[in-house]
Each structure stands twice: as structure tokens, then as C-alpha cells.
Amino acid sequence: MAVALLSTKLSPPQSRDDRVSRPQLTRRLHEGLQPGHKLILVSAPAGYGKTTLLTGWLTEVACPYAWLSLDAADSDPARFLAYLLAALRQINPRIGRAAEGLFQAPQPPPAEALLVGLINELALVPADFILVLDDYHLIQSMPVHQMWSPCAGALKGGSLVCNWRPFRCKAGWMFRRRFTRSPAVSVTSSIT
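Residues numbered from 1 in each chain as written. Predicted model: local features only at pLDDT ≥ 70, side-chain atom pairs only at ≥ 80, totals over all residues. Heavy atoms only, no water.

Before going further, it helps to spend a moment on the environment of V42. With respect to the helices and strands, the residue V42 is situated in strand β1 (residues 39-43). In this structure, the C-alpha to C-alpha distance between V42 and L25, residues 17 residues apart in sequence, is 9.7 Å. (Helix = DSSP H or I, 4+ residues; strand = E, 2+ residues; numbered from the N terminus.)

Here you go:
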């Protein structure tokens, strides 16, 4: 099952020069990059500027980042992982080479095989990086949510940034529980 990838999902929207400056929220995002933090949660209702905040912040950070804009179709584990590996290739082009064969097979590979491949690939990512999952609330698949537990250790010094609408996503508590060894920095619906 070859997965065709849409390149626009792999880069953030262009940061606008006329965006509203939010220094307190940007400071909170920078706090999430401190050692010991692996997770930054950005949660607010639709239209509050979550994506705009993140795209502006990424222009200020000094480490490499990968961006993935999600939609409901990404609830399929094979599709999600194909996009995730493609996003991470922005940081290290060698990521995903070993898994490419799995995605070319006529039948979707078992989730376990994809997960093992992902963990091995995450070991290639440099210690300092940011992975942004934009609109995570659109993912409604328990297998996709559950795969983060074993992946957390493979992130090394990287930071995972999840952006979602709070009332639409059950993953917030799951992410917090899966990343219990490192505190989360939350930027919540105070985004105004």
C-alpha cells in the first residue's frame, strides 16, 4: 500500500508579519525547550491562533524542527507514520529509508512493524529538535494515540509540540500520562 504524500502538510503555514505578538505565550513555548521537557501542549478553541502562534515561534528557535499538519485521514496508523517519517526527513534525510519497503507492500504492514521501524528511525534524529503535530484533535485512532508510549524514550532530547482543540481530543490526558517522566509545558485556552 503506497501512501501518496501531500507536501503542504509537511511545512508550517507562512508566518505573517502582521500577526499579533504574544510574548507571554512565546515565553511559555521557549520554556518547553528546556532540558527535562519533552512535551509542549497547545490547546485552545478554533480561531484562537494556535497555529499562528507556533509558526511565529518557530522563526525564533535555533534548533531544527519538523512540522506535520494532520487531518482525519491521518487516523490510519500506516498513513500517520508515513507522514511522520516524511516530516522527520526534514531534520535528517536518512530517516525512513528502512521503512520505505513497508509502505510499498500491497497490504498494510502490522502496526507493530511500523512502530519498531519508527523507534529505530527516531534514533537517527539529532538530540535537539522540535516535532510539531498540528491539529492533533483530528486523530481519532487509539492505535495512533497508543504508539507514543514506546516512542517517548526514543525522542532523546527532542520536544514534541501538540496543538489541538480541547473539546475534540481525548489525547491530552494520554500524552501527559505517556510522558510522565518529563513535565509538560501547557499553553492553553488563555490564547486570546
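The structure having been displayed, the exposition proceeds.
The full count for this structure, using the stated rule, is six salt bridges. With a closest N to O distance of 2.6 Å, E31 and R28 form a salt bridge. Residue E31 and its partner R28 are located together in helix α1 (residues 23-31), separated by three residues, close to a single helical turn. Overall, E31 belongs to the partly exposed group, its relative accessible area being 27%. Residue classification places R28 among the partly exposed positions, given a relative accessible area of 29%. Between D74 and R79 there is a salt bridge, and its shortest N-O distance comes to 2.7 Å. Classification of D74 as buried rests on a relative accessible area of 0%. Of the residues examined, R79 reaches a relative accessible area of 21% and is grouped as partly exposed. (Salt bridge = Lys/Arg side-chain N within 4 Å of Asp/Glu carboxyl O. Buried < 20%, exposed > 50% of the residue type's maximum accessible area, 1.4 Å probe, protein only.)

This paragraph deals with the pairing of β1. Buried residues dominate β1, accounting for five of its five residues. Both faces of β1 are covered, namely the face carrying L39, L41 and S43 and the face carrying I40 and V42.

F80, L84, L88 and L133 are the most contacted members of the largest nonpolar core, which has 34 residues in total. Where this core is concerned, the elements lending two or more residues are β1, β2 (65-69), α3 (77-88), α5 (111-122), β3 (130-134) and β4 (159-164). Among the elements that make up this core, the one with the highest residue count is α3 (nine residues). Setting aside its immediate chain neighbours within four residues, L88 contacts A66, I95, L122, V125, F129 and L131. By size, the runner-up hydrophobic cluster in this structure holds 14 residues, among which are L58, C63, W67 and V161. (Core = buried A, V, L, I, M, F, W, Y, C linked by side-chain atoms within 4.5 Å. Contact = heavy atoms within 4.5 Å.)

Our next topic: the side chain of N92. With respect to the helices and strands, the residue N92 is situated in the loop between α3 and α4 (100-104). A relative accessible area of 11% means that N92 is categorised as buried. In terms of polar contacts, N92 uses its side chain to reach the backbone amide nitrogen of R94, at 2.9 Å. (Polar contact = N/O pair within 3.5 Å; in protein donor to acceptor, adjacent residues only side chain to side chain.)

Before going further, it helps to spend a moment on the packing of aromatic side chains. Counted by the stated rule, this structure contains zero aromatic pairs. The lysine or arginine in question, K9, covers the ring of Y83, its NZ or CZ lying 4.7 Å from the ring centre. (Phe/Tyr/Trp six-rings, centres within 6.5 Å; stacked < 30°, edge-to-face > 60°. Lys NZ or Arg CZ within 6 Å of the ring centre and 35° of its normal.)

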